[in-house]
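Spelled out, the chains give:
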Amino acid sequence: QVQLVESGGGLVQAGGSLRLSCAASRSISSGKTMGWYRQAPGKQRELVATITGGTMFTYSDSVKGRFTISRDNAKNTVYLQMNSLKPEDTAVYYCNAQYLVGLRYVDYWGQGTQVTVSS
């Protein structure tokens, strides 16, 4: 079992910045893909950004150029730097990690951290 603990959420004005952190209980260098997802009220959970192997990145079109995902293997932590925040970025942000268990990859999720952007 892998525990993921997010932190760094909060209330910020539009145009501001926040950095989310996701600390994993297992070495992230042994994982496959780590990422951030978000879910706004009444909407489905959506991908925000992922990082695979430390060199492959994906971003949703809505956050490209504003958000940056990174990882620190020594701290087993993945970060999401969010700049130029908009009210539509308001959501609960979840950390996700994929680890090989036996012969298949298993998804693990954190408990989520609330990000609220005021206009």
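Residues numbered from 1 in each chain as written. Predicted model: local features only at pLDDT ≥ 70, side-chain atom pairs only at ≥ 80, totals over all residues. Heavy atoms only, no water.

A.B. asks: Describe the state of the cysteines, with residues and values.
C.D. replies: Applying the stated criterion to the full structure yields 1 disulfide. Through a disulfide, cysteine 22 is tied to cysteine 95; the S-S separation comes to 2.0 Å. Looking down the S-S bond of the cysteine 22 and cysteine 95 bridge, the torsion is -80 degrees, so its handedness is left-handed. Pair noted here: cysteine 22 is in strand β3 (residues 18-24) and cysteine 95 is in strand β9 (residues 91-101), with a separation of 73 residues, a long-range link. Neither cysteine 22 nor cysteine 95 differs from the other in exposure class; each is buried. (Disulfide = S-S within 2.5 Å. Helix = DSSP H or I, 4+ residues; strand = E, 2+ residues; numbered from the N terminus. Buried < 20%, exposed > 50% of the residue type's maximum accessible area, 1.4 Å probe, protein only.)

A.B. asks: Summarise the pattern of salt bridges; cite the residues concerned and give the values.
C.D. replies: Using the criterion set out here, one finds 4 salt bridges in the structure. With its nearest N and O atoms 3.3 Å apart, the salt bridge here joins lysine 64 to aspartate 61. What you see here is one network of salt bridges that share partners, running through Arg38, Glu46, Arg66 and Asp89. (Salt bridge = Lys/Arg side-chain N within 4 Å of Asp/Glu carboxyl O.)

A.B. asks: I'd like a rundown of the environment of phenylalanine 67, residues and numbers included.
C.D. replies: Note on placement: phenylalanine 67 falls in strand β7 (residues 67-72). Spatially, the C-alpha atom of phenylalanine 67 lies 30 Å from that of valine 101, the residues being 34 residues apart in sequence. Setting aside residues no more than four positions away along its own chain, phenylalanine 67 makes contact with Arg38, Val48, Tyr59, Leu80, Gln81, Met82, Asn83, Leu85, Asp89 and Tyr93. (Contact = heavy atoms within 4.5 Å.)

A.B. asks: Any details on the pairing of β9? Residues and values, ideally.
C.D. replies: With 6 bridges connecting them, strand β4 (residues 33-39) and β9 associate as antiparallel partners. When the sheet's bridge partners are listed, tryptophan 36 is paired in β9 with cysteine 95. One ladder, built from 3 bridges, connects β9 with strand β11 (residues 113-118); its direction is antiparallel. Considered in β11, the bridge of tyrosine 93 is made with threonine 113. Two strands pair when backbone bridges link them, and β9 and strand β10 (residues 104-109) are joined in this way by 6 bridges, in the antiparallel orientation. Counterpart to tyrosine 99 in the pairing with β10 is valine 106. From the end of β9 to the start of β10, which pair antiparallel, there are 2 residues, and glycine 102 there has a positive phi angle of about 70 degrees. (Pairing = 2+ DSSP bridges.)

A.B. asks: Explain the nonpolar core to me, using residue names and the numbers behind them.
C.D. replies: Membership of the largest hydrophobic core comes to 30 residues, with the highest contact counts inside it found for Leu4, Trp36, Leu80, Met82 and Tyr93. For this core, the secondary-structure elements that each account for two or more residues are β3, β4, β5 (46-52), β7, β8 (77-82), β9, β10 and β11. Sort the elements by how many residues they give to this core and β9 lands first, with 5 residues. For leucine 4, the contacting residues outside a window of four places in its chain are Cys22, Ala23, Ala24, Met34, Cys95, Asn96, Ala97, Tyr108, Trp109, Gly110 and Gln111. (Core = buried A, V, L, I, M, F, W, Y, C linked by side-chain atoms within 4.5 Å.)

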